[in-house]
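As a plain string of letters, each chain reads:
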Amino acid sequence: MPLFSVPKEVAVGTAMLGVAFATGLLAGKKYPSLVFGIPRSPRSVIGKSSPLWQYILDHSVREHPVLKKLRLVTADHPWGRMMVSCDQAQLMANLVKLIKAKKVIEIGVFTGYNTLNMALALPDNGRVVACDINEDYAKIGKPLWKEAGVDHKIDLRIKPAIQTLDELLAGGEAETFDFAFIDADKESYNEYYEKCLRLIKKGGIIAIDNVLWSGKVLKPRKDDLTAQSMHRLNEKLFRDARVNISMLPMGDGLTLAFKL
């Protein structure tokens, strides 16, 4: 296969993202403080108090009622800011549908908002392997997974994600997954990425969250190992010939890596 030959669905999706980014670029020239300024909150390049942010939500986000219920419950949690943004979740669900995914890996579950989001996007025989080390948070979402009728699609594994990924590889599941989402301990991102790249099939997508790390990737302090790790990964992804990438300024930064 030529270096830049990818399935039609992925090519279309990449083109759509390119158009979206170009639109954002033009908007940035008109409203630079809104689009390319330092985020007013660590979870959004456009401040969440901005009327423009509310406009985006009102005119784009279509949430399943149970998914919305879990989002609101999670938002009230003391660590609610760890939840993926709803617009970001919807983008990933649309990508999952676009490539007709059946198998998904999620690294970092928290209350299971995005786990539910992924499960709702998959066909009835789909599977989400959800990796986390804390089941207490996941217990918040479990009843809602069942309420939405997708709990049978979710394979929750409470153990270090590296262990789960190694088990999947040892079990012969290399290049059988369609989509992976990485949103866990940042210093392990590189190892998660490498193992996911082995598990994802050609034409599959790896979504990597928090790649901007509240802007700290611009000048990582020597004592900020997380920012340093994210910056090194961003530089690696930029040069990685195994994937095509799009880095999107949504949430705290989201990179999509399309496996070639």
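Structure first, text after, so check above.
Just so you know, these numbers come straight off a predicted model, no measurement behind them.

Enquirer: Which parts of the structure should I look at to understand the nonpolar core?
Expert: Nonpolar side chains in soluble globular proteins tend to be buried together. Core analysis: the biggest nonpolar cluster contains 44 residues, and V96, Y113, L116, M118, F179 and L256 have the highest contact counts within it. With 28 residues, the next largest nonpolar core counts L165, Y192, V217 and L237 among its residues.

Enquirer: Could you clarify how one ought to interpret the sheet that holds strand 1 (residues 103-107) in this entry?
Expert: Backbone hydrogen bonds are what pair the strands of a sheet, in a parallel or an antiparallel way. Sheet architecture is open: seven strands sit in the order 3-2-1-4-5-7-6, paired in mixed fashion. In this open sheet, the two strands that pair with only one neighbour each are strand 3 (154-158) and strand 6 (243-248). Neighbour-to-neighbour, the strand axes of the sheet open up by a mean angle of 15 degrees, direction not taken into account. Summarising the sheet, strand 6 and strand 7 (residues 254-259) pair through six bridges and their orientation is antiparallel. In the sheet register, N244 faces strand 7, and the bridge partner there is F258. Together, strand 1, strand 2 (127-132), strand 3 and strand 4 (177-182) form the strand contacts of helix 6 (residues 113-121), whose direction differs from that of strand 2 by roughly 170 degrees.

Enquirer: Any chance you could explain the layout of surface pockets here in plain terms?
Expert: Vacant regions in the atomic arrangement are exposed by a probe of water-molecule size rolled over the atoms. Size it by volume and the second largest pocket reaches roughly 790 Å³. If you trace the second largest pocket, you find 36 residues lining it, with M82, D183, A184, D185 and K186 closest to the centre. For the lining of the second largest pocket, the secondary-structure elements that each account for two or more residues are strand 1, helix 6 and strand 2. Residues belonging to the lining of the second largest pocket are distributed by class as follows: 18 nonpolar, seven polar and eleven charged.

Enquirer: Honestly, the pairing of strand 3 in this entry has me stumped. Any pointers?
Expert: Walk down a regular strand and you will see the side chains alternate between the two sheet faces. Bridge count between strand 2 and strand 3: five bridges; the pairing is parallel. Its bridge partner being in strand 3, A130 is matched across the sheet by L156. Remark: the strand 2/helix 7 (residues 135-147)/strand 3 crossover connection has right-handed handedness.

Enquirer: I would appreciate a short explanation of helix 4 (residues 65-75) in the present structure.
Expert: Note: α-helices contain 3.6 residues per turn, so residues at a spacing of three or four share the same orientation. Within the sequence span of helix 4, burial applies to V66, L67, L70, R71 and T74. Relative to the axis of helix 4, the buried residues are bounded by an arc of 145 degrees and lie together on one face.

Enquirer: What is the right way to look at the pattern of salt bridges in this model?
Expert: Side chains that differ in charge, positive against negative, can pair when their charged atoms come close. Overall, the coordinates contain 17 salt bridges when judged by the stated rule. Residue E147 pairs with K69 through a salt bridge whose shortest N-O separation is 2.9 Å. In this pair, E147 is assigned in helix 7 and K69 in helix 4, connecting sequence segments 78 residues apart. Residue classification places K69 among the partly exposed positions, given a relative accessible area of 38%. Residue R157 is joined to D155 by a salt bridge in which the shortest nitrogen-to-oxygen separation is 2.9 Å. Take D155: its relative accessible area is 24%, and that puts it in the partly exposed class. The network of salt bridges with common partners includes K103, R127, D155, R157, K159, E167 and E173.

Enquirer: Help me understand the packing of helix 8 (residues 161-170) against helix 9 (residues 189-199) in this model?
Expert: What describes two packed helices is the angle between their axes and the distance between those same axes. Between helix 8 and helix 9, the shortest axis-to-axis distance is 10 Å and the interhelical angle comes to 20 degrees. Compared by their axis directions, helix 8 and helix 9 come out roughly parallel. Crossing handedness for the pair helix 8 and helix 9: left-handed. Between helix 8, through A161, I162, L165, D166, L168 and L169, and helix 9, the contact on the second element is made entirely by E191, Y192, K195, C196, R198 and L199. Classifying every residue of the contact of helix 8 with helix 9 gives eight nonpolar, no polar and four charged.

Enquirer: How should the pairing of strand 2 be read in this particular structure?
Expert: Burial within strand 2 is extensive, with five of its six residues counted as buried. Both strand 1 and strand 2 contribute to a ladder of five bridges, which runs parallel. Its bridge partner being in strand 2, V104 is matched across the sheet by V128. Assessed by its sense of winding, the connection that carries the chain from strand 1 through helix 6 to strand 2 is right-handed.

Rules of the game
- Residues numbered from 1 in each chain as written.
- Predicted model: local features only at pLDDT ≥ 70, side-chain atom pairs only at ≥ 80, totals over all residues.
- Heavy atoms only, no water.
- Core = buried A, V, L, I, M, F, W, Y, C linked by side-chain atoms within 4.5 Å.
- Buried < 20%, exposed > 50% of the residue type's maximum accessible area, 1.4 Å probe, protein only.
- Pairing = 2+ DSSP bridges.
- Helix = DSSP H or I, 4+ residues; strand = E, 2+ residues; numbered from the N terminus.
- Axes fitted to C-alpha atoms, helices over the stretch in contact; angles between N-to-C directions.
- Contact = heavy atoms within 4.5 Å.
- 1 Å grid on protein atoms, 1.4 Å probe; cavity = no way out; pocket = protein on both sides within 12 Å on 5 of 7 lines; lining within 4 Å.
- Points joined across faces, edges and corners; volume = space filled by probe spheres on them.
- Nonpolar A, V, L, I, M, F, W, Y, C, P; charged D, E, K, R; others polar.
- Right-handed = clockwise from strand over helix to strand, strands pointing away.
- Arc of directions from axis to C-beta.
- Salt bridge = Lys/Arg side-chain N within 4 Å of Asp/Glu carboxyl O.
- Parallel < 35°, antiparallel > 145°, perpendicular 65-115°, else oblique.
- Left-handed = near helix turned anticlockwise from the far one by under 90°.

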